[in-house]
Amino acid sequence: MPIAEESTLAKVTAKEVSKLVALVTPWLVGVIGFGLATALHFILYNPDTIGGWSSFTTICVLILTGVTYGQSHARGTWGRVHTTASTFLAGMWTVAVIISGPGHPILWRLGVVGGITLALTWNIRSVIRMKGWDQPGAISDPLAFLFGKGAENAGMREVEARTTKATEHKVEGDVQLDAGRQVAEDLQKKVAYVESGIGLPPGSITASIDPDHADRAKVVISDPRVMKQPIPWREPSRPGLSIADPLRIGLWQDLDEIEYVIVGHHLQVMGQSGAGKSIGGAWNILAEVVTRYDVAVFAGDITKGDQTLGPLRESLHRFETTKAGVKAMIRELQEQVKPRTDYLAGKGLQKWKPGCGLTYWLVWFEEFPDIFDCLSDKEQEQFLSMLKAIRSAGGTIVMSLQRSDYTQMPTLARGQLANMCFGVQSPGDASFGLSEAQQDAGARPELWSNKQPGMAYLDAPGIADGRISMPLRTYAWGLDAQGVFDDERASAAMRAHAAQWPAAAKQVDPTTAALSRLAGDAQAVTAPPAELEEEDVDEEVRDVAGEYLETEDPDPEVQAGIDDEIADLPEGDPPMGFAGPEKAMTAEERGAALMKRLHELYDGGARDVGTGDFRVLWETTDISRAWFQKQMKKLSEAGVIGPYDDEKQRYEMPRRPELP
């Protein structure tokens, strides 16, 4: 708004003018003092009376000096001496000029040299006061000195910082912003420039909002270089305690231990290949979880099989590596959600808590997109329903994947998840792995890529706001004495850890026991041959032939030919609408409908398409959004349509789509 801009400009101008006046004033006072002394000489000088007038003037100077000394009591020692000495020296020079006149060669030189010296001392004092360097502890507070300098270089003037806590590895402080002109979000956006202004490594400063003051921010300065080397795994932090107690999964950049409570929410773990989301994220979280007495882990990985979670198998209550096995596990878990919530309601509980009688469930899905893709539309809907309900039933679902765009992660699911983001390739990828709060606070996982495995950001319930944009590093397994990582050594260490905490040794509730498939147990077998043969067949196309069977006519009295005229509706009747499909479409019919719509859009001039362009399909057919998204991904991979544009959130369509 123009008025606001004008007001801001006037305020800035007034401040700058005030500073200029403070610097010019000592010089003006010197000129006026010289003129006053000269005038008093010509007014008072008389050989007969000059002795009396000089004595009187001296008494006046002493009175002024005393008043100056008394009024400067609030200043420090240096300030009191400076103001008092300035008054006394200027006054005594005036007395000498009154007696001898301004033309006296010695007095004239003393006036010029002494006046310049006094004016410069006052200028120096003014500059120090403007910068705040004369405040008690300003120079002794490194954060105040350095941060103020860096913020000013970054274009944020009037910013003052104060250290609140300092340890060997970090400095914490409060930052007072320019009230009415700056808020914490402004500082968060400028953090990289402040680091540049101070000369710190990228990622040194973490800024967060002060919940009690809109014109303040909280900052932590630490050294990101201490996280460049892997940190060896330690012993479990709280073996034998509850899953409701914090998990220690690594260290923050300031070298404080990560205390993460995983109960009561779901988690997305994202990062590019090699960034450590499996060995760093899955292994460290699960290594802590399996040591707790009141939790059971159900896991699935149909992509890598035993490679990632296999070493943990003995400590897992169920681990599925086939499509049929994962489908069965999800179905069986979902069927028990309502009985669990009913049980908790019977105890007067709105959510799970330690000692309630139910074993907590941690459900871990590695390479989640492949698992979700293998589900039919109905199974996907059931999974999303379970995702919404299992939290209050005493369960957490963790979904691990490389890129959480809408083709890989359902939008409904993403909105339910906390975020743990390891290194990624680009800022665009980072936007899918970070929460909005982390992005606003300046989290930058693209700085690591996969060059520092185990580095991550974590935004979850219980994590302080000041931590969500602070880098962390998970523990590394399989390091030798020299800190060198080895895959075989890591797997052996994890298998040994799992053997110390076998799932079979835990006391669990009857439902959990019934759903478990323990390592070495007779129940832990693969799916029967018949089920394996069908595991790759979508539920939607298993009974295609049944759709072509003749069925009884529901209303035989209604007879019409193909060429019969359709009568108009009587005037006043409601407009005609379209009912949903009366039978399920075959896979071929769905594919034909999708291609027909793509052709309609292309022939109509569209060169890219988004979900909204296909609304007519799920409003008038039995095609679901989930099926549509899955098929669009396949068409893109086959080159029938173009690639997906992350920024536009649309598929490119440079040519008319045609099936090969």
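Cut-offs and rules
- Residues numbered from 1 in each chain as written.
- Predicted model: local features only at pLDDT ≥ 70, side-chain atom pairs only at ≥ 80, totals over all residues.
- Heavy atoms only, no water.
- Helix = DSSP H or I, 4+ residues; strand = E, 2+ residues; numbered from the N terminus.
- Buried < 20%, exposed > 50% of the residue type's maximum accessible area, 1.4 Å probe, protein only.
- Contact = heavy atoms within 4.5 Å.
- Areas by Shrake-Rupley, 256 points an atom, 1.4 Å probe, with all protein chains shown as cover.
- Pairing = 2+ DSSP bridges.
- Phe/Tyr/Trp six-rings, centres within 6.5 Å; stacked < 30°, edge-to-face > 60°.
- 1 Å grid on protein atoms, 1.4 Å probe; cavity = no way out; pocket = protein on both sides within 12 Å on 5 of 7 lines; lining within 4 Å.
- Points joined across faces, edges and corners; volume = space filled by probe spheres on them.
- Salt bridge = Lys/Arg side-chain N within 4 Å of Asp/Glu carboxyl O.
- Core = buried A, V, L, I, M, F, W, Y, C linked by side-chain atoms within 4.5 Å.
- Axes fitted to C-alpha atoms, helices over the stretch in contact; angles between N-to-C directions.
- Expected span 1.5 Å × (residues − 1).
- Polar contact = N/O pair within 3.5 Å; in protein donor to acceptor, adjacent residues only side chain to side chain.
- Patch = residues over 30% accessible without salt bridge, like charges linked within 9 Å, V, L, I, M, F, W, Y side chains within 5 Å.
- Arc of directions from axis to C-beta.

(A) Focus on the overall build of the chain. Within the chain one finds 21 helices and 17 strands. Out of the 660 residues belonging to the chain, those deemed buried represent 43%. Summarising the internal contacts of the chain: among those between residues at least 6 apart in sequence, 66% fall at separations of at least 24. Carbon and sulfur atoms provide 57% of the accessible area of the chain, an area that totals close to 34,900 Å².

(B) Structural view of the sheet that holds strand β15 (residues 608-609). An order of β15-β17-β16 is seen for the three strands of this open sheet, with the pairing classed as antiparallel. The outermost strands of the open sheet, each flanked by one partner alone, are β15 and β16 (644-645).

(C) Seen up close, the packing of aromatic side chains. The tally for this structure, following the rule as stated, stands at 13 aromatic pairs. Taken together, a centroid distance of 5.9 Å and an interplanar angle of 65 degrees make the contact between Phe365 and Phe383 edge-to-face. One end of the pair, Phe365, is in strand β10 (residues 360-365); the other, Phe383, is in helix α12 (residues 377-389), with 18 residues separating them in the sequence. Of the two residues examined, Phe365 and Phe383, each falls in the buried class. Summarising the aromatic geometry, the rings of Phe372 and Phe383 are spaced 6.1 Å apart at their centres and angled 65 degrees between planes, so their arrangement reads as edge-to-face. Taken as a pair, Phe372 in helix α11 (residues 368-373) and Phe383 in helix α12 lie far apart in primary sequence, 11 residues in all.

(D) Seen up close, the pairing of strand β14 (residues 472-476). Counting buried positions along β14 yields five of five residues, so the element is predominantly enclosed. Here strand β6 (residues 250-252) pairs with β14 via three bridges, running antiparallel. Within β14, the position partnered with Gly250 by the bridge is Thr474. Bridging between strand β13 (residues 455-459) and β14 involves two bridges; their strand directions are antiparallel. Among the inter-strand pairings, Met455 is bridged to a residue of β14, identified as Arg473.

(E) The environment of Pro102, seen in detail. With respect to the helices and strands, Pro102 occurs in the loop between α3 (77-100) and α4 (105-131). Among the residues examined, Pro102 registers a relative accessible area of 16% and is labelled buried. Placed 61 residues apart in sequence, Pro102 and His41 show a C-alpha to C-alpha distance of 7.9 Å.

(F) Molecular detail of the layout of surface pockets. Computed from the structure, the largest pocket encloses a volume of approximately 1,100 Å³. The wall of the largest pocket is formed by 39 residues, among which Val29, Gly30, Gly33, Ala90 and Leu118 lie closest to the centre. Listing elements by their share of the lining of the largest pocket, those giving two or more residues are α1 (2-44), α2 (50-71), α3 and α4. Sort the elements by how many residues they give to the lining of the largest pocket and α1 lands first, with 13 residues.

(G) Here's a closer look at the pattern of salt bridges. As enumerated under the stated definition, the model contains 32 salt bridges in all. Among the salt bridges present, the one from Lys277 reaches Glu367, with a minimum N-O distance of 3.3 Å. Separated by 90 residues along the polypeptide, Lys277 in helix α7 (residues 277-289) and Glu367 in the loop between β10 and α11 bring together distant segments of the chain. Taking the shortest distance from any N to any O, the salt bridge between Arg517 and Glu332 comes out at 3.6 Å. Taken as a pair, Arg517 in the loop between α17 (510-515) and α18 (529-534) and Glu332 in helix α9 (residues 323-335) lie far apart in primary sequence, 185 residues in all. According to the relative accessible area criterion, Glu332 is buried, its value standing at 17%. Through salt bridges with shared partners, one network takes in Lys170, Glu172, Asp254, Asp256 and Arg467.

(H) Quick peek at the nonpolar core. Of all hydrophobic cores here, the largest spans 91 residues; its most connected members are Trp364, Phe365, Phe383 and Met420. Sequence-distant contacts of Phe383, defined by excluding residues within four places in its chain, comprise Ile330, Phe365, Phe368, Phe372, Leu375, Ile397 and Met399. Core analysis: the second largest hydrophobic core is formed by 22 residues, Leu598, Leu617, Tyr644 and Tyr651 among them.

(I) Representation of unusual backbone geometry in the model. Here the phi dihedral of Leu255 falls at roughly 75 degrees; this positive angle occurs in a residue that is not glycine. Inspection of the secondary structure assignment puts Leu255 in the loop between β6 and β7 (266-270). A relative accessible area of 28% means that Leu255 is categorised as partly exposed. Backbone geometry places Ser449, a non-glycine residue, at a positive phi of 55 degrees. Tracing the backbone through its elements, the reader meets Ser449 in the loop between α15 (436-440) and β13.

(J) Layout of the sheet that holds strand β1 (residues 160-166). The strand order across the open sheet formed by four strands is β1-β2-β4-β3, and the pairing between neighbours is antiparallel. With one partner strand each, in any of the chains shown, β1 and β3 (205-209) form the two edges of the open sheet. Recorded for the sheet is a direction-independent mean angle of 25 degrees between the axes of neighbouring strands. Direction of pairing for β1 relative to strand β2 (residues 170-176): antiparallel, over a ladder of six bridges. Note that in β2 the partner of Thr163 across the bridge is Gly173. Helix α6 (residues 184-198) rests against β2, β3 and β4 (216-222) of the sheet, and its axis sits at about 165 degrees to β3.

(K) Inspection of helix α16 (residues 487-500) at higher detail. Along its 14 residues, α16 runs 20 Å from first to last C-alpha, staying within 8% of the 20 Å computed at 1.5 Å per residue. Tucked into the core, α16 has its buried residues touching α7. Of the residues that open α16, the one with a side-chain oxygen 3.2 Å from the backbone nitrogen of Glu488 is Asp486.

(L) Expanded view of a nonpolar patch on the surface. Residues Trp27, Val112, Val113, Ile116 and Leu120 make up a contiguous nonpolar surface patch of roughly 410 Å² in combined accessible area. Note that Trp27 resides in helix α1. What makes Trp27 partly exposed here is its relative accessible area of 37%.

(M) A look at helix α10 (residues 337-346). Within α10, the full set of buried residues consists of Val337, Arg340 and Leu344. Mapping the buried residues of α10 onto a view down its axis gives an arc of 65 degrees, with all of them on the same face. Facing away from the buried surface of α10 by more than 90 degrees, the exposed residues are Lys338, Ala345 and Gly346. On the buried face of α10, the contacting elements are α9, β10, α12 and α17. Positive backbone phi, approximately 75 degrees, marks Gly348, located one or two places after α10.

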